[in-house]
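So you can see what is in the structure, the chains are spelled out below.
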Amino acid sequence: MVKYWQIFYTNFISNILGYGGGPATIPLLQHEVVDKYGWFTNQEFSELVALGNALPGPIATKMAAYVGYDQGGILGAVIGIFASVAPSLILLIALLGILFKFKDSPRVKKLTQIIRPTIAVLLGVMTVEFFFDSYIDVGMFHTIILIIAGYYFLEVKRISPAFVVLGALIYGAVFLGS
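Here the structure is a predicted model, which means the values were calculated and not measured.

Calculation notes
- Residue numbers restart at each chain and count upward from 1, following the sequence in its written direction.
- Where local features are concerned, this predicted model is filtered to residues with pLDDT of at least 70; where side-chain atom pairs are given and counted, the filter is 80 or more; whole-chain, interface and lining totals use all residues.
- Note that the side-chain values use all heavy atoms of the structure and ignore hydrogens as well as water.
- Numbering of helices and strands starts at the N terminus; helices are DSSP runs of H or I of at least 4 residues and strands are runs of E of at least 2.
- Three exposure classes are used, based on accessible area relative to the maximum for each residue type with a 1.4 Å probe and protein chains only: buried under 20%, partly exposed in between, and exposed over 50%.
- Whether two residues touch is decided by their heavy atoms; if any such pair falls within 4.5 Å, the residues are in contact.
- In these notes, a set of buried Ala, Val, Leu, Ile, Met, Phe, Trp, Tyr and Cys residues joined through side-chain atoms within 4.5 Å is what counts as a nonpolar core.
- Axis angles are defined between N-to-C directions and span 0 to 180 degrees, where every axis is a line fitted to C-alpha atoms and, for a helix, only to the segment in contact.
- For classification purposes, an angle smaller than 35 degrees is called roughly parallel, one larger than 145 roughly antiparallel, one from 65 to 115 roughly perpendicular, and anything else oblique.
- The classification used treats Ala, Val, Leu, Ile, Met, Phe, Trp, Tyr, Cys and Pro as nonpolar, Asp, Glu, Lys and Arg as charged, and all other residues, Gly among them, as polar.
- Using protein atoms alone on a 1 Å grid, points that fit a 1.4 Å probe yet trap it form a cavity, whereas open point sets bounded by protein on both sides within 12 Å along at least five of seven lines form a pocket; residues with an atom within 4 Å of a point count as lining.
- Grid points are joined across faces, edges and corners, and a volume is the space filled by probe spheres set on the points.

Help me out: how do you make sense of the overall build of the protein chain in this one?
Looking only at helices and strands, one finds seven helices and zero strands in the protein chain. Along its sequence from the N terminus, the protein chain presents helices and strands in the succession α-α-α-α-α-α-α. For the protein chain, the spread of C-alpha atoms along the three principal axes comes to 55 × 45 × 25 Å. Every one of the 178 residues in the protein chain was classed for burial, and the buried ones make up 32%. Counting only contacts in the protein chain whose residues sit at least 6 apart along the sequence, the fraction spanning at least 24 positions is 58%.

Just checking my understanding: could you explain the nonpolar core for this structure?
Generally speaking, soluble globular proteins have nonpolar side chains that are buried together. Counting 16 residues, the largest nonpolar core has Ile26, Val33, Phe45 and Met63 as its most contacted members. The contact partners of Phe45, leaving out residues within four places of it in the chain, are Ile26, Leu29, Gln30, Val33, Val34, Phe40, Met63, Met126 and Phe130.

Sorry if this is basic, but what is going on with the packing of helix H5 (residues 106-138) against helix H6 (residues 140-156) here?
Packed helices, taken two at a time, are described by the angle between their axes plus the distance between the axes. Orientation of H5 relative to H6, taken along the N-to-C sense of each, is 130°, at an axis distance of 7 Å. The pairing of H5 with H6 is recorded here as oblique in orientation. Along its contact with H5, which presents Phe131, Ser134, Tyr135 and Val138, the element H6 presents Met140, His142, Thr143 and Ile147. Per-class residue counts for the contact of H5 with H6 are five nonpolar, three polar and no charged.

Got a minute to help me understand the layout of surface pockets in this structure?
A probe matching the size of a water molecule, rolled over the atoms, marks out where space remains unfilled. Here the largest pocket defines a volume of roughly 1,500 Å³. As for the largest pocket, its lining consists of 38 residues, of which Ser46, Ala50, Leu146, Val165 and Ala168 are closest to the centre. Taken together, the elements giving at least two residues each to the lining of the largest pocket come down to helix H3 (42-54), H5, H6 and helix H7 (161-176). Among the elements that take part in the lining of the largest pocket, H7 stands out by supplying ten residues, more than any other. Counted by class, the lining of the largest pocket contains 25 nonpolar, nine polar and four charged residues.

Remember, this is a structural readout, not a statement about activity or role.
Shown next as structure tokens:
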């Protein structure tokens, strides 16, 4: 029962504090599942993020479902998904009237301008951690090949991230498999 509460709390707190949507919740979820509970390593979490980005739909719910399923089976996945959407649902219902009243407020717009760079910095820090974990695990050569190939296929060729992640997984299986 405690594990289900932890799954709920982890996803709820990450999503209630993750202003700006799914990408903003990633560093918060990482802190909970890697640093606080130790359910995943940084490497495993980076793979979870890659998988979440490759699949269609909101990343926060996909990650919540995976974390919940990994820790508590199907019931854990359901709890994780509910916990990831509950903050938005509660706040939407409770604050809908206020939202319409102040949506064009200069203060609200200023708050959004302040928060966006903070989210970018958190995502940047997480990216640097993933880079160093990759460098330590597979070496600089493979890390650089994957970065260059990922950039080329995503930005130049405009290939779907799902296929780029699949290609990276195949590369890892062929060249880095144990």
